[in-house]
Amino acid sequence: MDVLIGIGGTPEGVIAACALRAMGGEIQGKLFARDEQELRRGQEAGYDFDKILTMDYLVSSEDVFFAATGITDGELLKGVRYLGDGVKTDTLVVRGLTGTVRQIIATHSMEKLHHFGAIKY
């Protein structure tokens, strides 16, 4: 069993829940106010700071996708690598309904990218 305990933002928790749902994992969370004012505003909006948020509460369907592309090297993905005339990226894509996990190693042509975007790479 792998376990991770930490504090993060709500959007990050939902994104993590999507990935875990798609890969057959589990997550539980709890809202945490940074100060009394945030607690008061949350309670006024109807949020329960004592409730345990389960997987089904955070992501209620198996019909979920998760995708992540490495920016810097990490345990799961390699970061962006600049080549002479292009860029190589490492991406993980997971589909919840089928359990399909794809690792995509892509090479992007800098010359062709210049024709589509305003950003000069």
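In short, a report on the structure. Everything numeric in this text was worked out from a predicted model, so none of it was measured.

1. What about the overall build of the protein chain?
Scanning the protein chain from terminus to terminus reveals four helices and four strands. Secondary structure elements in the protein chain, listed N-terminal to C-terminal, are α-α-α-β-β-β-β-α. Its C-alpha radius of gyration of 19 Å places the protein chain more than 25% over the 14 Å reference for a compact globule of 121 residues. Along the three orthogonal principal directions, the C-alpha set of the protein chain runs to about 55 × 35 × 25 Å. For the protein chain, the residues scored as buried account for 24% of the 121 residues in total. Taking the intrachain contacts of the protein chain between residues at least 6 apart in sequence as the baseline, contacts between residues at least 24 apart amount to 40%. With an accessible surface of roughly 9,400 Å², the protein chain has 55% of that area assigned to carbon and sulfur atoms. Charge separation in the protein chain, taken as the distance between the mean sites of 13 positive and 17 negative side-chain charges, equals 7 Å.

2. Here's the deal with the pattern of salt bridges
For the structure on display, the rule yields four salt bridges. With a closest N to O distance of 2.6 Å, Asp56 and Arg21 form a salt bridge. Taken together, the residues Asp56 in helix α3 (residues 55-58) and Arg21 in helix α1 (residues 10-22) connect sequence positions 35 residues apart. A relative accessible area of 12% places Arg21 in the buried class.

Rules of the game
Residues numbered from 1 in each chain as written. Predicted model: local features only at pLDDT ≥ 70, side-chain atom pairs only at ≥ 80, totals over all residues. Heavy atoms only, no water. Helix = DSSP H or I, 4+ residues; strand = E, 2+ residues; numbered from the N terminus. Rg over C-alpha atoms; globule rule 2.2 N^0.38 Å. Buried < 20%, exposed > 50% of the residue type's maximum accessible area, 1.4 Å probe, protein only. Contact = heavy atoms within 4.5 Å. Areas by Shrake-Rupley, 256 points an atom, 1.4 Å probe, with all protein chains shown as cover. Lys, Arg positive; Asp, Glu negative; His and termini not counted. Charge placed at Lys NZ, Arg CZ, Asp CG, Glu CD. Salt bridge = Lys/Arg side-chain N within 4 Å of Asp/Glu carboxyl O.

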